[in-house]
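Chains, contacts and geometry: an overview
Residues per chain, in single letters:
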Amino acid sequence: MIRNFILGLLLIALCLPALAQQNKPAEGTVSQRLEVMRQKLETMRRSLQSAQAGLKQDADADKKKDEAKAADSPQARLKGLDKEASTLLSSINNLRGKIERAEKYEASEVDTLETSVSELQTRSDNALVETVGARKQQYTVGAEREKKKKKKFLGVFGGGTDQYEEILGTVAPGRDKELFVYATKEVRKSNFEVGRLLFQTIITTYPDSPYLPMAKLAIADSFYLEGSTSALIQAGAGYQEWLTFFPTHPLADRVALKVAESEMRQVGRPDNDPTRAYKAEQRLKLMMQQYPSTELKDLAQERLKQVQDNLGLHNLWVGNFYYARAIEQKRTGLKGAEFRYKEIMQKYPNFSYMDEALFRLAFLYQTEEETDEAAKLYQRLVREYPNSDNAAKAKEQLQLLGATVPEPSAEGLKRQPPEKKSFMGNFMGELIGGADLNIDKNGVLMSKSFDEKRFELIDSVIENQGELPSNQIPKALTTVIRTTAPVENPKVKDDKQTSKNK
């Protein structure tokens, strides 16, 4: 009963995802938002067209003709939604064309389109769920359908037999597992759109399926594994939506970490917009707050350190700009630099380049003749960061000020300055433009690089008929449950032994 209640609750949520998002600010640039909308509409159309194909089969021409005329028939309903999706897709493409041609457009156009896509998504999901019965009635369980030759599978891949037409268009017992297995295979082959469509069909066609929660999580995984900016935006949203309904699931802490990592993978270099870094920081703090006993706490803290180093560097570089402007160019900027350096000390106490922030702020105080404050910072630098290049400079300034030069602390002596990047490392960083963050690119259920020798969490879901035993979830952040040694062919083994004896 509890499980059915949870699945029912999830289904209601999946049918109303847009309503929960309409009042939230959209993610990404205008181009990224349009790409997200395009992907949603393409997937929506494929689902609707597959459902229509299921309704069309084995119905005679006259019956189909009469049914098409009925405005409230399943056939007409799905066809109408498909047409609406096509119209919206054209509007999105027109707006993308304006942007590419640098033509003027109203910002409200993007907001209006997002609202329309969200509203249509809700109606489409409802229609797919409500037409399940009509599709089920037209088929005899176990009856095989003739596979037709098509130019392209659902408009994505070319040539050959449409291998998924039958399981997408029809409804039959056991199809949910079949869809889950096929979807997993497609994602592992990097056919992400096809895999997502198959997972989504479980959600909209088999509301009582035990595979439904994991299918939703696998969709978020597929976006995360795909890794483009628009895909990562949808991955973060997908993981967050899953958490809303399964906050106490054994995988919840992993999913919460993936929400943060979806943001981290979009973080740019420190001299870029820090919005994504701020969001990643918030997500990581929230994850540790919501799951204080998680075994991933140390890993989350390590991730937080990386993100805060990125934010600290952003402040440091901005502060240095104001510093150079004020000290070297004799222009205003002292207060701007002072604010940035102070913010580093207040918000990022473990900042890897704290020694530079301390020295710069101390020198600013010295310039403003606040020698007592300057001496305190110089002394802290010498005491806590004795291995830094700035420590020798701080000692010189303390001697000029006539202040005491402290002895390094035991903890300070252990602290080593961050490793300096090589010229090639700096060049590649400039070329790629991404942040220097160590981020796991595997999903929660599936790995980025599939290996047949590895048994992953999603394999356990399949093996256990949609369930994931908590005792099979590794303590470390990995999708791999176990690895299997390759089985050696007995004949090959005998040949090797014969050759050795000779």
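These figures come from a predicted structure and were not determined experimentally.

**Comments concerning the nonpolar core**
Membership of the largest hydrophobic core comes to 94 residues, with the highest contact counts inside it found for Phe180, Phe199, Leu217, Tyr239, Leu251 and Leu445. Examining the composition of this core, we find that ten residues originate from one element, helix H11 (residues 212-226), more than from any other. Other than its neighbours up to four places away in sequence, leucine 445 contacts Met214, Leu217, Ala218, Asp221, Leu251, Glu456, Leu457, Ile458 and Thr479. Of all hydrophobic cores here, the second largest spans 20 residues; its members include Met44, Leu48, Leu95 and Leu113.

**Structural notes on helix H14 (residues 275-290)**
Its 16 residues place the ends of H14 23 Å apart at the C-alpha level, agreeing with the 22 Å of an ideal helix rising 1.5 Å per residue. Among the residues of H14, those classed as buried are Arg276, Ala277, Ala280, Glu281, Leu284, Met287 and Met288. Down the axis of H14, the buried set is contained in an arc of 140°. They therefore lie on one face. Exposed positions of H14 whose direction lies more than 90 degrees from the buried face are Gln282 and Gln289.

**Topic: the packing of helix H15 (residues 297-327) against helix H17 (residues 354-367)**
It is the contact of H15 with H17, at a shortest axis distance of 11 Å, that shows an interaxial angle of 30°. Here H15 lies roughly parallel to H17, going by the angle between them. Here H15 runs over H17; the crossing is left-handed. Residues Leu316, Asn320, Tyr323 and Ile327 of H15 form the contact with H17, whose own contacting residues are Glu356, Ala357, Arg360, Phe363, Leu364 and Thr367. The residue inventory of the contact of H15 with H17, partitioned by class, reads six nonpolar, two polar and two charged.

**Some thoughts on the side chain of glutamine 39**
You can see glutamine 39 is positioned in helix H3 (residues 30-56). With relative accessibility at 9%, the residue glutamine 39 sits in the buried group. Not counting the four nearest positions on each side in its chain, glutamine 39 is found in contact with Phe223, Ser230 and Gln234.

**Describing the packing of H17 against helix H18 (residues 371-384)**
With their axes 8 Å apart at the nearest point, H17 and H18 run at an angle of 160° to one another. With respect to H18, the element H17 is oriented roughly antiparallel. The handedness of the crossing between H17 and H18 is left-handed. Counted together, Met354, Asp355, Leu358, Phe359, Leu361, Ala362, Phe363, Tyr365 and Gln366 of H17 and Glu373, Ala374, Leu377, Tyr378, Arg380 and Leu381 of H18 form the full contact between these two elements. For the contact of H17 with H18, the residue count by class is eleven nonpolar, one polar and three charged.

**Quick look at the packing of aromatic side chains**
Tallying each qualifying case throughout the model produces ten aromatic pairs. An angle of 65° between the planes, with centres 5.5 Å apart, marks the rings of phenylalanine 321 and tyrosine 322 as edge-to-face. For tyrosine 322, a relative accessible area of 29% translates into the label partly exposed. Linked through ring pairs, Tyr323, Phe359, Phe363 and Tyr378 together constitute an aromatic cluster. Positioned over the ring face of tyrosine 323 is arginine 360, at 4.5 Å from the centre of the ring. Residue placement shows arginine 415 over the ring face of tyrosine 385; its charged tip is 4.8 Å from the ring centre.

**A word on the pattern of salt bridges**
According to the stated counting rule, one finds 31 salt bridges in the structure shown. Here lysine 258 makes a salt bridge to aspartate 440, at a shortest N to O gap of 3.0 Å. With lysine 258 in helix H13 (residues 252-264) and aspartate 440 in the loop between helix H21 (423-432) and strand E3 (454-456), this residue pair connects regions lying 182 residues apart in the sequence. Of the two residues examined, lysine 258 and aspartate 440, each falls in the buried class. Of the charged contacts, one joins lysine 376 and glutamate 373 as a salt bridge, the two residues approaching to 3.8 Å between their closest N and O atoms. Taken together, the residues span about one helical turn, with lysine 376 and glutamate 373 both in helix H18 at a distance of three residues. In this structure, a network of salt bridges that share partners links the residues Glu35, Arg38, Glu42, Arg46, Arg96 and Glu193.

**Observations regarding empty space enclosed by the protein**
Under the counting rule described, the total for this entry stands at two cavities of 30 Å³ or more. Of the pockets and cavities examined, the second largest cavity occupies roughly 40 Å³. What lines the second largest cavity is Gln39, Thr43, Glu193, Arg196 and Phe223. If you list the elements that add at least two residues to the lining of the second largest cavity, you get H3 and helix H10 (192-205). Grouping the constituent residues of the lining of the second largest cavity by class yields one nonpolar, two polar and two charged.

Cut-offs applied
- Residues numbered from 1 in each chain as written.
- Predicted model: local features only at pLDDT ≥ 70, side-chain atom pairs only at ≥ 80, totals over all residues.
- Heavy atoms only, no water.
- Core = buried A, V, L, I, M, F, W, Y, C linked by side-chain atoms within 4.5 Å.
- Buried < 20%, exposed > 50% of the residue type's maximum accessible area, 1.4 Å probe, protein only.
- Helix = DSSP H or I, 4+ residues; strand = E, 2+ residues; numbered from the N terminus.
- Contact = heavy atoms within 4.5 Å.
- Expected span 1.5 Å × (residues − 1).
- Arc of directions from axis to C-beta.
- Axes fitted to C-alpha atoms, helices over the stretch in contact; angles between N-to-C directions.
- Parallel < 35°, antiparallel > 145°, perpendicular 65-115°, else oblique.
- Left-handed = near helix turned anticlockwise from the far one by under 90°.
- Nonpolar A, V, L, I, M, F, W, Y, C, P; charged D, E, K, R; others polar.
- Phe/Tyr/Trp six-rings, centres within 6.5 Å; stacked < 30°, edge-to-face > 60°.
- Lys NZ or Arg CZ within 6 Å of the ring centre and 35° of its normal.
- Salt bridge = Lys/Arg side-chain N within 4 Å of Asp/Glu carboxyl O.
- 1 Å grid on protein atoms, 1.4 Å probe; cavity = no way out; pocket = protein on both sides within 12 Å on 5 of 7 lines; lining within 4 Å.
- Points joined across faces, edges and corners; volume = space filled by probe spheres on them.

Function-wise, these values are silent; they only describe arrangement.
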